[in-house]
Amino acid sequence: MSLLPFCQWLAETRGSIALHESLYMYPLVESAHVLTLCLFVGMSVLLDLRLLGVTLKRVPVSEVTSRLLPWMIGGFTIMLVTGLLLFYAIPVRSYQNIFFRLKLITLALAGLNAWYFHEGIHKRVGEWDRDVRTPSRARLAGIVSLACWAVIVVSGRMIAYNWFDCDMQPQPPIVNRLAGCQVSGLER
Amino acid sequence: MLSVFQSIEWSSVGQLIKNSPWAFAVIESIHLLALAVIGGAVLLVDLRLMGLGLKRQTVTEVARDAQPVLVWSLGVMLLTGIALFVSEAIKCYYSTPFWVKMASLLLAILFTFTIKRKITLADNATRNPALMRVVAVVSLALWFGVGAGGRWIGFSG
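Now for a description of the structure that goes with this document. Treat the numbers as computed from the prediction; the structure is a model and nothing was measured.

## Quick notes on the interface of chain B and chain A
Next, step 1: Chain B puts 32 residues into the contact, and the matching count from chain A is 33 residues.
Next, step 2: Of the roughly 2,800 Å² buried between chain B and chain A, counting both surfaces, carbon and sulfur atoms make up 76%.
Next, step 3: A per-residue breakdown of the area chain B buries against chain A is headed by B:Leu32, B:Leu54 and B:Arg151, which together make up 17% of the total.
Next, step 4: Run the count over chain B and chain A and you get three salt bridges.
Next, step 5: Close ionic contact of A:Glu63 with B:Arg56 constitutes a salt bridge, the shortest N to O distance being 3.7 Å.
Next, step 6: The tally of links from chain B across to chain A stands at three residue pairs in polar contact (both at pLDDT 80 or more).
Next, step 7: At the level of secondary structure, the elements contributing two or more residues to the side of chain B that touches chain A comprise helix H3 (23–49), helix H4 (59–87) and helix H7 (129–155) of chain B.
Next, step 8: With 16 residues, the single largest contributor to the side of chain B that touches chain A is H3(B).
Next, step 9: Its residues assigned to classes, the side of chain B that touches chain A comprises 21 nonpolar, six polar and five charged.

## Here we look at the packing of helix H3 (residues 25–51) of chain A against H7(B)
Next, step 1: One can describe the packing of H3(A) onto H7(B) by two numbers: an axis separation of 10 Å at closest approach and a directional angle of 135 degrees. Put simply, H3(A) runs oblique to H7(B). The way H3(A) lies across H7(B) gives a crossing that is right-handed. Where H3(A) abuts H7(B), its residues A:Pro27, A:Leu28, A:Glu30, A:Ser31, A:Val34 and A:Leu35 lie against B:Phe144, B:Gly147, B:Ala148, B:Arg151, B:Trp152 and B:Phe155.
Next, step 2: Here the residues of the contact of H3(A) with H7(B) sort into eight nonpolar, two polar and two charged.

## Quick notes on the nonpolar core
Next, step 1: Residues A:Leu37, A:Val41, A:Met43, A:Trp128, B:Leu44 and B:Trp143 are the most contacted members of the largest nonpolar core, which totals 61 residues.
Next, step 2: For this core, the secondary structure elements donating two or more residues are H3, helix H4 (61–89), helix H6 (98–119) and helix H7 (136–158) of chain A together with H3, H4, helix H6 (96–121) and H7 of chain B.
Next, step 3: For B:Leu44, the contacting residues outside a window of four places in its chain are A:Met43, A:Leu46, A:Leu56, A:Leu68, B:Leu54 and B:Val62.

Cut-offs used in this document
- Residues numbered from 1 in each chain as written.
- Chains lettered and ligands numbered in written order.
- Predicted model: local features only at pLDDT ≥ 70, side-chain atom pairs only at ≥ 80, totals over all residues.
- Heavy atoms only, no water.
- Contact = heavy atoms within 4.5 Å.
- Buried area = accessible area lost by both parts, 1.4 Å probe.
- Salt bridge = Lys/Arg side-chain N within 4 Å of Asp/Glu carboxyl O.
- Polar contact = N/O pair within 3.5 Å; in protein donor to acceptor, adjacent residues only side chain to side chain.
- Helix = DSSP H or I, 4+ residues; strand = E, 2+ residues; numbered from the N terminus.
- Nonpolar A, V, L, I, M, F, W, Y, C, P; charged D, E, K, R; others polar.
- Axes fitted to C-alpha atoms, helices over the stretch in contact; angles between N-to-C directions.
- Parallel < 35°, antiparallel > 145°, perpendicular 65-115°, else oblique.
- Left-handed = near helix turned anticlockwise from the far one by under 90°.
- Core = buried A, V, L, I, M, F, W, Y, C linked by side-chain atoms within 4.5 Å.
- Buried < 20%, exposed > 50% of the residue type's maximum accessible area, 1.4 Å probe, protein only.

Right, dumping it as structure tokens:
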């Protein structure tokens, strides 16, 4: 099932058009989205680095998670709201952008990784709270998180480039397929 | 001054980055990754100065731990930032946000490595909570100026 008709409908709504054409609102929302990286991704990176024994070595892991989590949740909420608004302003092009798609998939992976960490090894954090060298599963969670967020940030930035846009034909068939471009002819 | 900026942009490095279809995008992505990390390191210390975040650790402990993260990410930031600047120096010359960013950056670096460093590394006994809050707010304001100015360079082109 394609979400394209939904995106096309969304793009025709008044709010979407207003945000898309606004002189200051769109840049302000985008700036908030980018600068909140410092809060959300910045704090996540510090937690991941603690799991890897790189920084905050003398601070118990449970202390880092419990003290930083409220800030991370706050940051994530701002990123989510502003991110949804950015999508709302440009739905069709975003939907058919391979970097946007990559970003969403990686976001899901990052979410799964965080869930697995919290439901798994972090449940027994009492046993390794003060270890500089944390259990291998915790270190793996840190590495996967760092990798996911790096891909999410980079692909997010790349959405701005139109290299693989559907209106930049001809594109290789694989690009059209991954981006869900509706191309007349044999490509699809 | 303009001629200096012109010769920077017309240098071989400037032209190399400018003429590559992907170099700017890749360097900018790394610049952005470093932004997240530098922001985390600055926020961690500033929140602690305001009595938030890692409250059970002393200001000095938090500042000591955050220092290497800050220095490394700042290094990446400056290197990639210079590369981006070289590829569009003339645009930067005419960009108000660029100059706002450079002024904020200069002040932020000076403030972080002199006054803020001195306050965070002082004994607990000699530290004054009101002063710590002021230091945190000034630090946040200066770094916010750097980040917001940076984002705005792209909008004003």
